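For reference, the chains in residue letters:
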Amino acid sequence: MIVRFKLNGELMEENVAEDERALDFLRRIGMKSVKEGCGEGECGACTIIVNGKNVVSCLMLAAELDGTEVLTTEGLSKKGSLDPIQEAFADIGAVQCGFCTPGMEMSAKALLIKNSNPSVEEIKKGLEGNLCRCTGYFKIIDAVKKAAGKS
Ligand code: FES
Ligand code: FES
């Protein structure tokens, strides 16, 4: 079947299989920031933003993207300049192996879209679906605080 949707601001029209996951589809068309960790909706590595909300793409069918607006980490930076979230993650060193980072940034972005000045508790809640094996979370929370108000 054909899906028509906006990906990182660009209109797309793509063929998808009925049982294809959004995760596999997005990677197939080049969105390699979308990572597969658990494949079961538990780790958040595959998080994307659909219509302004963070969702796990491993539990979504590509067909469900029809008519939506999708943002992946590839769409965060514009014309070579990083999004404030990306800048803050880099400045603060909220990245170690980096595997969780795109999904983490997508959840942070979704949080800041609806709440530009979140409290630490609200940041923790916004990122609760994203697991990180490396950083211990403190720097990630600091990075989201730093990006708040600038995204
Ligand atoms: S790969 Fe989707 S939540 Fe883990
Ligand atoms: S930086 Fe390695 S899993 Fe988060």
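All values reported here derive from a predicted model rather than from experimental measurement.

1. Examining the sheet that holds strand β5 (residues 69-71)
Then comes step 1: Spatially, five strands are ordered β2-β1-β5-β3-β4 in an open sheet, and the strand pairing comes out mixed. Each edge of the open sheet carries a strand with a single partner, namely β2 (10-15) and β4 (53-56). Here the average twist between neighbouring strands, direction ignored, is 40°.
Then comes step 2: Sheet contacts for helix α3 (residues 101-114): β3 (47-50) and β4; angle to β3, the most-contacted strand, approximately 30°.

2. A word on the pairing of β4
Then comes step 1: Note that β3 and β4 share four bridges and pair antiparallel. Counted as the bridge partner of I49 is N54 from β4.
Then comes step 2: What sits between the antiparallel neighbours β3 and β4 is a turn of two residues, in which N51 has the positive phi angle 50°.

3. A word on helix α5 (residues 138-147)
Then comes step 1: Looking only at α5, the buried set comprises I140, I141, A143, V144 and A147. Looking straight down α5, one finds its buried side chains confined to an arc of 160°; they lie on one side.
Then comes step 2: Buried-residue contacts for α5 involve α2 (84-92), α3 and α4 (120-126).
Then comes step 3: Looking one or two residues past α5, G149 carries a phi angle of roughly 85°, positive in sign.

4. Topic: the pairing of β3
Then comes step 1: For β3 and β5, the ladder comprises two bridges, and the chain directions are antiparallel. Looking across to β5, one finds that V50 is bridged to V70.

5. What about unusual backbone geometry?
Then comes step 1: Here N8, not a glycine, exhibits a phi torsion of approximately 50°, which is positive.
Then comes step 2: As for its placement among the helices and strands, N8 is situated in the loop between β1 (2-7) and β2.
Then comes step 3: In the Ramachandran plot, N51 falls in the positive-phi region, its phi being about 50° despite a non-glycine side chain.
Then comes step 4: Note on N51: 12 C-beta atoms within 10 Å, which makes it exposed.

6. A short note on the packing of α2 against α5
Then comes step 1: The interhelical angle for the contact between α2 and α5, taken along N-to-C directions, is 135°, at an axis separation of 8 Å. Compared by their axis directions, α2 and α5 come out oblique. Both α2 and α5 take part in a crossing whose hand is right-handed. Counted together, P84, I85, A88, F89, D91 and I92 of α2 and K139, D142, A143, K146 and A147 of α5 form the full contact between these two elements.

7. Description of the domain arrangement of the chain
Then comes step 1: Segmenting the chain into domains produces domain 1 (2-73) and domain 2 (84-147).
Then comes step 2: For domain 1 and domain 2, the distance between their C-alpha centroids amounts to 20 Å.
Then comes step 3: With 14 residues of domain 1 in contact, the opposing surface of domain 2 contributes 13 residues.
Then comes step 4: Counting only elements with at least two residues in the side of domain 1 that touches domain 2, the list comes to β3 and β4.
Then comes step 5: Sort the elements by how many residues they give to the side of domain 1 that touches domain 2 and β3 lands first, with three residues.
Then comes step 6: Residues of the side of domain 1 that touches domain 2, tallied by class, amount to six nonpolar, six polar and two charged.

Conventions used here
Residues numbered from 1 in each chain as written. Chains lettered and ligands numbered in written order. Predicted model: local features only at pLDDT ≥ 70, side-chain atom pairs only at ≥ 80, totals over all residues. Pairing = 2+ DSSP bridges. Helix = DSSP H or I, 4+ residues; strand = E, 2+ residues; numbered from the N terminus. Axes fitted to C-alpha atoms, helices over the stretch in contact; angles between N-to-C directions. Contact = placed C-beta atoms within 7 Å. Buried ≥ 20, exposed ≤ 12 C-beta atoms within 10 Å, placed from the backbone. Arc of directions from axis to C-beta. Parallel < 35°, antiparallel > 145°, perpendicular 65-115°, else oblique. Left-handed = near helix turned anticlockwise from the far one by under 90°. Domains from an automatic or database assignment. Nonpolar A, V, L, I, M, F, W, Y, C, P; charged D, E, K, R; others polar.

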